[in-house]
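Read off the chains here:
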Amino acid sequence: MSTLLEVRNISLSFKGVKAISDLSFAVRRGEICALIGPNGAGKSSLLNILNGVYRADAGELVFDAERLHRPHPLTAARLGIGRTFQNNALFKNMSVLDNLLTGLSRFQRSFFIEQALGLPRARREARVFAERAEQVLEFLELQPWRDVAVGSLAYGLQKRVELGRALIAQPTLLLLDEPMAGMNAEEKQEMSRFIADINRDLGATVILIEHDIKVVMDLCAHVVVLDYGRKVGDGTPAEVQANPDVIAAYLGTVHG
Amino acid sequence: MTTTTARLTASFDDAPLTLVRRRWPLGLALLLLVAFVALPLLGDDYWLNAILIPFLVLSLAGLGLNLLTGYTGQTSVGAAGFMAVGAFATYGLLLRVPGIPLPLALVGGGLIAAFLGMLFGIPSARIKGFYLMVTTLAAQFFIEWVFAKFPWFYNYASSGTISAPRLELFGYSLASPVGRYLLTLSCVVLLTWVAVNLVRSQTGRNWMAIRDMDTAAAVIGIPVDRYKRLAFAVSSFYLGIAGALWAFAYLGTASAGSFDINRSFQILFIIIIGGMGSIAGNFVGAAFISLMPIFLNHAGQWLFGGNVDAGQLQNLQKILFGTLIIVFLIKEPEGLVRLVGNLRDRLRTWPLRF
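Residues numbered from 1 in each chain as written. Chains lettered and ligands numbered in written order. Predicted model: local features only at pLDDT ≥ 70, side-chain atom pairs only at ≥ 80, totals over all residues. Heavy atoms only, no water.

(A) Inspection of the interface of chain A and chain B at higher detail. Tallying the contact residues gives 35 residues for chain A and 31 residues for chain B. Overall, the association of chain A and chain B removes approximately 2,600 Å² of surface from exposure, summing both partners, and the carbon and sulfur fraction of that is 65%. When the buried area of chain A at its contact with chain B is split by residue, A:Phe91, A:Phe112 and A:Gln115 rank highest and sum to 20% of it. Linking chain A to chain B there are 1 salt bridge. (Contact = heavy atoms within 4.5 Å. Buried area = accessible area lost by both parts, 1.4 Å probe. Salt bridge = Lys/Arg side-chain N within 4 Å of Asp/Glu carboxyl O.)

Listed below in structure tokens is the structure:
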């Protein structure tokens, strides 16, 4: 399998506090890669660098065999990097359907004036968008909440809508920041199934942050472990579990 | 049997807030028929001049501001400034471009306002909320000053005012109250249709996404800065046309002072009272704000029989408006249009509400 994303010697600090130092790893095309590590290890910061929300102080990113110059959220989205957030970042006053449709903005070709006057190209585009949104609604089993304002949905459902909004854009790389946080076992299982389906059926490469080790072991073929902004483990779940540095990061080192 | 149906309806009504409104093509057709045919036939000059025309123009201005503030979340207190641009630009075009038809002059005035709106929208890429509001305040005062200071804009008239040029279309004069009413109504209907198209399109969704959370909007691939500027431009286009209509279809003679900060606030109140992020809300809000003074006037006359002077009644109005704005901001941020919606939902199940 070829490499989709390569992170080379990335460093990031906030006002002198190192969040990530000299981090390198590679993600192969089509895999589900988990980022794990204790709180404050720099996992979310790393995702923010990957889609251009933060700018790394040093190092470079290679995505799809091309170096990313001056990454920006907008260019990342256009390259096909989708993203969900740890605390849902949905458009609260809009319906589930409209939230999904916003995810299609990168495919928008008709000009606003065509939309304003309801010209044929804009109408055709709207129809295609609507069809695709219905497919995603069906795939994520969200139809019952189609026209409901997202702000009034339960937390677990909101997570699913956010996944749908990233998914509808047909991302090459999907960055999921704790997609299962705050869910019960049943909801976690459901979410895992969706992620596995997206990876298998739609061929999206996934990088996800997750704290539930059982979920990670079941879902991912590749695990990268961070601690204090440094990589302490990188390999298959089994390798990582046996790695003494990883055990130390989670359980603390035995002093004495 | 009936009870079962009612029960079912009621249980559906307990479902979470649904954002889809059913469309009423018949009701809409009837409304247009009344507006275009019945009102010009039945309404007298007072009704057309003093109530319907200002109501329609204020609705249009509210619509323009609502696209920017209610849909895109960029608060502006410079609405009247862009109305002034539209009015003075339309006047200039009619005056200086020989033989330009009225609709073209109106659109031209709107486009000039849109361009200026876009310019004043550029800072929205960097500043947000309260600070952005201050830049729109600056726009308001700057524009007002320009149109008072440079006589070229009002064609060196000694009064400093611009007055309605030839209001005609294809040789028909639109100077009568009915003509001016129909001109205003046509503009409002057309632009409302465009606005409905826009807010239901990807453009509208991008605007609302920016309103609800602009960082997330950027991450999913919406060019946030460009859509903010577009919102400023489209909003100012609407306001510009509303300004031209305010000057020529309603006032007849206008000056920079006709578009002062109080007008901006009036339009802001229309969308707060009517409903932010709602098309119908602008009409409800404008009706409220233009009918309330008349109602208060009559109520005052009837209650106090001329014992209270007009100035006091004006103050009373301001107190009432202020109170209402506070009540709306606290109790119903979605405005009158939401209240009407709630009432309708309640009536649908009345008296069998479970």
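(B) Region of the structure containing the confidence of the model for chain A. Residues with a pLDDT of 70 or more make up 98% of chain A, whose mean pLDDT is 90. In the model of chain A, helix H10 (residues 244-251) of chain A stands out as the element of lowest mean pLDDT, 80, in contrast to helix H3 (residues 96-102) of chain A, which has the highest, 96. (pLDDT = per-residue confidence, 0-100. Helix = DSSP H or I, 4+ residues; strand = E, 2+ residues; numbered from the N terminus.)

(C) Structural detail: the sheet that holds strand S7 (residues 173-177) of chain A. Residue and element names in this part refer to chain A. Spatially, S6-S7-S8-S3-S9-S10 is the arrangement adopted by the 6 strands of the open sheet, whose pairing is mixed. On the outer flanks of this sheet lie strand S6 (81-84) and strand S10 (230-235), each paired with one strand and no other. Each strand of the sheet is rotated relative to its neighbour by a mean of 15°, with strand direction disregarded. Both S7 and strand S8 (residues 205-209) contribute to a ladder of 5 bridges, which runs parallel. (Pairing = 2+ DSSP bridges. Axes fitted to C-alpha atoms, helices over the stretch in contact; angles between N-to-C directions.)

(D) Looking closely at the pairing of strand S9 (residues 222-227) of chain A. All names here are of chain A. In terms of burial, S9 is largely enclosed, as 6 of its 6 residues are buried. Of the two faces of S9, the one holding His-222, Val-224 and Leu-226 and the one holding Val-223, Val-225 and Asp-227 are both buried throughout. Summarising the sheet, strand S3 (residues 32-36) and S9 pair through 4 bridges and their orientation is parallel. Along S9, the bridge assignment pairs Ile-36 with Val-225. Judged from the 5 bridges that link them, S9 and S10 form a sheet pairing that is antiparallel. Counted as the bridge partner of Val-223 is Gly-235 from S10. Hairpin connection, S9 to S10: the antiparallel pair is bridged by 2 residues, and Tyr-228 has positive phi, about 45°. (Buried < 20%, exposed > 50% of the residue type's maximum accessible area, 1.4 Å probe, protein only.)

(E) Summary view of the packing of aromatic side chains. All names here are of chain B. Applying the stated criterion across every chain yields a total of 15 aromatic pairs over all chains. The interplanar angle of 5° and the centroid separation of 4.2 Å between the aromatic rings of Phe-88 and Phe-147 together place this pair among those described as stacked. Here Phe-88, found in helix H4 (residues 79-96), pairs with Phe-147, found in helix H6 (residues 129-149); they are 59 residues apart in sequence, far enough to count as distant. Residue class for Phe-88 comes out buried when judged on its relative accessible area of 3%. According to the relative accessible area criterion, Phe-147 is buried, its value standing at 7%. Cluster of aromatic residues (ring-pair linked, three or more members): Phe-82, Phe-120, Phe-142, Trp-145 and Phe-150. (Phe/Tyr/Trp six-rings, centres within 6.5 Å; stacked < 30°, edge-to-face > 60°.)

(F) Examining the packing of helix H5 (residues 102-121) of chain B against helix H10 (residues 224-251) of chain B more closely. All names here are of chain B. Where H5 contacts H10, the two axes come as close as 7 Å, and the packing angle between them is 140°. It follows from the interaxial angle that H5 and H10 lie oblique. In this structure, the crossing between H5 and H10 has a hand that is right-handed. On H10, the residues that touch Leu-106, Val-107, Gly-110, Leu-111, Ala-113, Ala-114, Gly-117, Met-118, Phe-120 and Gly-121 of H5 are Arg-229, Phe-232, Ala-233, Ser-236, Phe-237, Gly-240, Ile-241 and Ala-244. The residue makeup of the contact of H5 with H10, split by class, is 12 nonpolar, 5 polar and 1 charged. (Parallel < 35°, antiparallel > 145°, perpendicular 65-115°, else oblique. Left-handed = near helix turned anticlockwise from the far one by under 90°. Nonpolar A, V, L, I, M, F, W, Y, C, P; charged D, E, K, R; others polar.)

(G) View of unusual backbone geometry. Residues and elements named next belong to chain A. Even without glycine at this site, Lys-15 takes up a positive phi of about 45°. Its place among the elements puts Lys-15 in the loop between strand S1 (3-14) and strand S2 (17-28). Take Lys-15: its relative accessible area is 87%, and that puts it in the exposed class. Notably, Gln-170 is not glycine yet its phi reads approximately 50°, a positive angle. With respect to the element layout, Gln-170 can be found in the loop between helix H6 (155-167) and S7.

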